[in-house]
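Residue-level listing of the chains:
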Amino acid sequence: GRGAGGLARPGAGVPRQRGGRGGAEAYGDVQQGPTVYSADDTPVGLASLQRLLGLKEEEWRRTAARVPAVEEMVRGREAASGWASLTRLQARLGLSSEELKAIVLRLPQLLGESYEATVAPPLEAPGEAAPLRPAAT
């Protein structure tokens, strides 16, 4: 969150570590080792997701209340990759950030999916788009 008056605290956005063992480091939004937090106690994966989608805090809270598993997803492999699967899906379908956000809010389970393993195969498979085409006569 933000401090009083809606202004960001000084130093907000500077990654820091909490918990875990060893000297894991954060490079941008990529985390290695323990969960990395920004100065305002937002997991770096969530902060990068909010930037990517233009996602508001209230939208995230509603989504996390509906699908609690997303709380772990912002600390998982996709978050550590900088949401590579989401950005590849966005590029593949030619989506705006607002359209991608609508998809994620409707189906937040996408946050934990691998593009190569789960998302791409149905998009690439012949015949998968058949229901969108007129029936052959």
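Summary of the structure given here. (Residues numbered from 1 in each chain as written. Predicted model: local features only at pLDDT ≥ 70, side-chain atom pairs only at ≥ 80, totals over all residues. Heavy atoms only, no water.)

## A short note on the pattern of salt bridges
Okay, step 1: Following the criterion strictly, the structure yields six salt bridges and no others.
Okay, step 2: Glu58 is the partner of Arg62 in a salt bridge, and the nearest nitrogen-oxygen pair spans 3.9 Å. Note that Arg62 and Glu58 are positioned in helix 2 (residues 57-66) at a spacing of four residues, about one turn of the helix.
Okay, step 3: With relative accessibility at 39%, the residue Glu58 sits in the partly exposed group.
Okay, step 4: Two residues, Glu124 and Arg92, come together in a salt bridge whose shortest N-O distance is 2.9 Å. In this pair, Glu124 sits in helix 7 (residues 115-124) while Arg92 sits in helix 5 (residues 84-93), placing the two residues 32 residues apart along the sequence.
Okay, step 5: Owing to a relative accessible area of 37%, Arg92 belongs among the partly exposed residues under this scheme. (Salt bridge = Lys/Arg side-chain N within 4 Å of Asp/Glu carboxyl O. Helix = DSSP H or I, 4+ residues; strand = E, 2+ residues; numbered from the N terminus. Buried < 20%, exposed > 50% of the residue type's maximum accessible area, 1.4 Å probe, protein only.)

## Points about helix 6 (residues 97-106)
Okay, step 1: Of the residues making up helix 6, those classed as buried are Leu100, Lys101 and Val104. For helix 6, the buried positions fall inside an angular range of 100 degrees around the axis, keeping them on one side. Turned more than 90 degrees away from the buried face of helix 6 sit Glu98 and Arg106, all of them exposed.
Okay, step 2: Where helix 6 is buried, its residues touch helix 1 (44-53), helix 2 and helix 5. (Arc of directions from axis to C-beta. Contact = heavy atoms within 4.5 Å.)

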